[in-house]
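# Topology and contacts: notes
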Amino acid sequence: MLAKRIIPCLDVRDGKVVKGVNFEGIKEVGDPVECAYEYNLQGADEIVFYDITASHEGRGVILDVVRETAKKVFVPLTVGGGIATVDDIRDTLRAGADKVSVNSQAVKNPQLIKDGADIFGSQCICVGVDAKAISPNKWTVYINGGRIDMKIDLIDWVKKCEQLGAGEICLNSIDTDGVRGGFDIPMLKAVVDAVKIPVIASGGAGKLGDFADAFIKTDCSAALAASLFHFKELTVGQVKDDCRSKGITVR
Amino acid sequence: MIAIIDYGAGNIFSVKNALDYLGFDSILTRDVSEIKSADALILPGVGAFPAAMKMLVDSGLVDTIKEQAKQKPFLGICLGMQLLFEKSYEFEECKGLSLVQGYVDKITEPGLVIPHMGWNKLEFSQHSPLLNGLGNDEYVYFVHSYKAFCNDETLFAFCDYGSRVPAVVGDGKFVFGSQFHPEKSGETGLKILKNFVLMSR
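This text gives an overview of the structure that appears in the document. (Residues numbered from 1 in each chain as written. Chains lettered and ligands numbered in written order. Predicted model: local features only at pLDDT ≥ 70, side-chain atom pairs only at ≥ 80, totals over all residues. Heavy atoms only, no water.)

## Concerning the overall build of chain A
For the record, the criterion: Secondary structure elements are defined from DSSP: runs of H or I of at least 4 residues count as helices, runs of E of at least 2 residues count as strands, and each element is numbered from the N terminus. Each residue gets one of three labels from its accessible area relative to the maximum for its type: buried under 20%, exposed over 50%, partly exposed in between, using a 1.4 Å probe on protein chains only. Only heavy atoms enter the contact rule, under which two residues are in contact if any of them lie within 4.5 Å. For the accessible areas, the method is Shrake-Rupley and the probe is 1.4 Å, while residue cover comes only from the protein chains on display. Charge convention: Lys and Arg are scored as positive, Asp and Glu as negative, and His as well as the terminal groups of each chain are ignored. To locate a charge, the coordinates of NZ of Lys, CZ of Arg, CG of Asp or CD of Glu are taken.
A count of helical and extended segments in chain A gives 10 helices and 12 strands. Overall, the C-alpha framework of chain A stretches about 40 × 40 × 40 Å when taken along its three principal axes. Here chain A holds 251 residues, and the buried ones make up 58% of them. A fraction of 63% describes how many contacts in chain A between residues 6 or more apart in sequence connect residues 24 or more apart. Within the structure as shown, chain A displays about 10200 Å² of accessible surface, and the carbon and sulfur contribution to it stands at 50%. Charge separation in chain A, taken as the distance between the mean sites of 31 positive and 35 negative side-chain charges, equals 2 Å.

Here it is, written out as structure tokens:
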């Protein structure tokens, strides 16, 4: 049986793992290659690097991080953040990433999903979606790190992503992100029901039971968290033990 | 020396990274003499069957591959495994390398999330040197929407996803195929790659 995936995410800026609230007070907290290696030892099913490098010149650095990680970590690697063109996708995959996560740029230019899927295969095109509720069971899609409401209906958008060839959706709820009260179950359920492709839950994990909760209440394929793992409040292994004890299949 | 056949498809660097990590020499090549002198061959691949087969044909390597696969350990990975079969129905009927009996078609069981993406548990159906030393709880990483349809003689391991999904196939001699990515399957995958290389010694 297919195992539910637990995915730690590392926010990377200029080649360093960073953590901060919004973009204020960001502090460097580690070396991404070492962090990825540690997560690998804990049993991470995949590792996501989210590149928040502000400058264009800094873009090459994340590729070096991927290249070095790919030499010693043998689980799938995904890179998101700032990927805007087919060339960006190609460069990222060539550096050793297995998937790219496209977000704002895909909303601005949906053809990027189709071109990426046609050239490199759907399996490597994950669409990251940031969304926020406007009323119960209705959400709209945001871009630029949750700052701009595009007034696009979430369900219409994820269906369109699937149709364009996306291999996976990483769904981040702006309402629950950072609140640490658990994943956004209603939003997650609505998206999982709308598409056939795998959906990753993101945003809101604050305690051990939140992961199992998402898997019990929805058919999502994976759950992602950043700070919880990063600040060593929980290990991937602890999350998996909790899921296992509740009858959820994990690796 | 292991030759990883570079015909333009797939994340070939990951396979090389894994072999480097294990301490085995390998080259990425499409050179006929290098392929002929290698101790073992790996055929990687991701993407669509017809496009990959066309790239293989255009690279002029089909005859060399068929001939070499009868003489030395040969491993097809993911789409590289699917290419070993007689034909595929991905988009259109397309001939494969015909090194293993069977064909490739869409995973169609209703209600399944497609692609079959993630870690699934290996179930063993026959002994194979490729699977030496593996335990009963080994997960490997899959990502595919099409699967092999083959007979019991060519099937060595499978996983459960709506129905039996062939995971390790082979001709019983030199040819092996893995639907999953051993180079992305953690310690289990590295063990399988090591087993493969050791067969060439």
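## A word on the interface of chain B and chain A
Counted only if it meets this: Two parts placed together each lose some accessible area; with a 1.4 Å probe, that loss summed over both constitutes the buried area. Definition used for salt bridges: Asp or Glu carboxyl oxygen within 4 Å of a side-chain nitrogen of Lys or Arg. Residue polarity is assigned by list, with Asp, Glu, Lys and Arg as charged and Ala, Val, Leu, Ile, Met, Phe, Trp, Tyr, Cys and Pro as nonpolar; anything else, Gly included, falls into the polar class.
Counting residues at the interface gives 28 residues for chain B and 31 residues for chain A. On the chain B side of the interface with chain A, the three residues burying the most area are Met117(B), Trp119(B) and Lys184(B), jointly 30% of the side's total. For the interface between chain B and chain A, the tally reads 1 salt bridge. We note a salt bridge from Lys184(B) to Asp98(A), for which the minimum N-O separation is 2.8 Å. At the level of elements, helix 1 (12–22), strand 8 (116–121), strand 10 (139–144), strand 12 (155–161) and helix 6 (186–199) of chain B are the ones that each hand at least two residues to the side of chain B that touches chain A. Ranked by the residues each element gives to the side of chain B that touches chain A, the list is headed by strand 8 of chain B, at 6 residues. A breakdown of the residues in the side of chain B that touches chain A according to their chemical character gives 15 nonpolar, 9 polar and 4 charged.

## Section: unusual backbone geometry
For the bond from Ile114(B) to Pro115(B), the omega torsion is 5°, close enough to zero to count as cis. Here Pro115(B) lies in the loop between strand 7 (103–106) and strand 8. Unusually for a residue other than glycine, Asn137(A) sits at a positive phi of about 65°. For Asn137(A), the location among the structural elements is in the loop between strand 7 (125–135) and strand 8 (138–143). Residue Cys78(B) is not a glycine yet carries a positive backbone phi of 55°. Examined against the element boundaries, Cys78(B) turns out to sit in the loop between strand 4 (74–77) and helix 5 (79–82). Accessibility expressed as a relative area gives 5% for Cys78(B), which makes it buried.

## Examining helix 1 (residues 32–42) of chain A
For helix 1 of chain A, the set of buried residues is Pro32(A), Val33(A), Cys35(A), Ala36(A), Tyr39(A), Asn40(A) and Gln42(A). At the C-terminal side of helix 1 of chain A, Gly43(A) shows a positive phi close to 100°.

## Side note on the packing of helix 8 (residues 209–217) of chain A against helix 10 (residues 236–245) of chain A
Two numbers describe a pair of packed helices, the interaxial angle and the distance between the axes. Residue and element names in this part refer to chain A. To be explicit about the condition: Under this scheme, a helix contributes an axis fitted over its contacting stretch, all axes are lines through C-alpha atoms, and angles between N-to-C directions fall in the 0 to 180 degree range. Should an angle fall under 35 degrees it is taken as roughly parallel, and over 145 as roughly antiparallel, whereas 65 to 115 is taken as roughly perpendicular and any remaining angle as oblique. Definitions for this section: a left-handed crossing has its near helix turned counterclockwise from the far helix by less than a right angle. A right-handed crossing has that turn clockwise.
As a packed pair, helix 8 and helix 10 sit with axes 8 Å apart at the nearest point and diverge in direction by 45°. Classified by the interaxial angle, the pair formed by helix 8 and helix 10 is oblique. Between helix 8 and helix 10 lies a crossing whose hand is right-handed. Note on element contacts: helix 10 touches helix 8 through Val239, Asp242 and Cys243, opposite Gly209, Phe211, Ala212 and Phe215. Looking at side-chain class alone, the contact of helix 8 with helix 10 contains 5 nonpolar, 1 polar and 1 charged residues.

## Examining the side chain of His116(B)
All names here are of chain B. Threshold: What qualifies as a polar contact is a pair of N or O atoms within 3.5 Å, subject to a donor-acceptor requirement within protein and to the restriction that residues adjacent in sequence count only when both atoms come from side chains.
Among the secondary structure elements, His116 is positioned in strand 8. Reaching out from His116, the side chain makes a polar contact with the side chain of Asn120 at a distance of 3.1 Å. Among the polar contacts made by the side chain of His116, one reaches the side chain of His144 at a distance of 2.8 Å.

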